[in-house]
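Results of the structural survey
Chain residues, written in single-letter form:
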Amino acid sequence: MLGTLLFTTAGTNDIGRELTALLILALAIPLIILGLVGWGTGYLRADSTRLGAALTVPPVLAVAYIGLSIAGIDFSPVGRLLLIIPTSGMALVVGYDLWTDNTIANDR
């Protein structure tokens, strides 16, 4: 979030702020992806396959998409939905899981 804020508020001649933002984003994105994959793997090992798959698949697809884009394979806007739909599904599954766990806790 800090990297995005710095990058979007940088002026046209503010190269230091842009480089700092890119450095922060370059460090944050791999940590977020590794964290989500590790978190999802933990749920997969604990036999919570729906939540584990929801946390593991979208980051893996994002890395595959970025890798293919760097390799020169161009995706149409419709093809980019393959990245957006699993990420939205991840948010829905995690939200549903949090909601059902909260409902069970309130019933006790």
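A brief look at the structure comes next.

**Focus on the overall build of the protein**
Regarding its fold elements, the protein presents 4 helices and 0 strands. Reading the secondary structure of the protein in the N-to-C direction produces α-α-α-α. Looking at the protein as a whole, 19% of its 108 residues are labelled buried. With the model as given, the accessible surface of the protein reaches about 7,800 Å², and the carbon-plus-sulfur share is 71%.

**Quick look at the side chain of D97**
With respect to the helices, strands and loops of the structure, D97 is situated in helix α4 (residues 81-107). No salt bridge is formed by the buried D97; the nearest opposite charge belongs to R50, separated by 4.3 Å. Beyond its immediate chain neighbours, meaning those up to four positions away, D97 contacts R50 and L51.

**Some thoughts on the nonpolar core**
Counting 6 residues, the largest nonpolar core is built from L51, A54, L55, M90, V93 and V94. Among the elements of the structure, α3 (49-70) and α4 are those that each provide at least two residues to this core. Ignoring sequence-local partners within four residues, the contact set of V93 consists of R50, L51 and A54.

**Points about the packing of helix α2 (residues 15-45) against α3**
Any two packed helices are characterised by the angle at which their axes cross and by the distance between the axes. It is at 7 Å that the axes of α2 and α3 come closest, and there the two elements cross at 150°. Of the possible angle classes, the one that applies to α2 and α3 is roughly antiparallel. Considering only the axes of α2 and α3, their crossing is left-handed. Counting all contacts with α2, which are made through I33, L36, V37, W39, G40, T41, Y43 and L44, the residues of α3 involved are T49, L51, G52, A53, L55, T56, P59, V60 and V63.

**Topic: unusual backbone geometry**
Backbone geometry at D47 places phi at a positive 65°, although glycine is not the residue there. Mapped onto the secondary structure, D47 falls in the loop between α2 and α3.

**Describing the packing of aromatic side chains**
Within this structure, the stated rule accounts for 2 aromatic pairs. For the pair W39 and Y43, a centre-to-centre distance of 6.2 Å together with 50° between the ring planes defines the contact as tilted. One end of the pair is W39 and the other is Y43, both in helix α2 and 4 residues apart, which spans about a single turn. Since its relative accessible area comes to 44%, W39 is described here as partly exposed.

**Description of the side chain of T100**
Counting through the fold element by element, T100 comes out in helix α4. Judged by relative accessible area, T100 falls into the buried class, the value being 18%. Within polar-contact distance, the side chain of T100 engages the backbone oxygen of D97 at 3.1 Å.

Rules behind the numbers
Residues numbered from 1 in each chain as written. Predicted model: local features only at pLDDT ≥ 70, side-chain atom pairs only at ≥ 80, totals over all residues. Heavy atoms only, no water. Helix = DSSP H or I, 4+ residues; strand = E, 2+ residues; numbered from the N terminus. Buried < 20%, exposed > 50% of the residue type's maximum accessible area, 1.4 Å probe, protein only. Areas by Shrake-Rupley, 256 points an atom, 1.4 Å probe, with all protein chains shown as cover. Lys, Arg positive; Asp, Glu negative; His and termini not counted. Salt bridge = Lys/Arg side-chain N within 4 Å of Asp/Glu carboxyl O. Contact = heavy atoms within 4.5 Å. Core = buried A, V, L, I, M, F, W, Y, C linked by side-chain atoms within 4.5 Å. Axes fitted to C-alpha atoms, helices over the stretch in contact; angles between N-to-C directions. Parallel < 35°, antiparallel > 145°, perpendicular 65-115°, else oblique. Left-handed = near helix turned anticlockwise from the far one by under 90°. Phe/Tyr/Trp six-rings, centres within 6.5 Å; stacked < 30°, edge-to-face > 60°. Polar contact = N/O pair within 3.5 Å; in protein donor to acceptor, adjacent residues only side chain to side chain.

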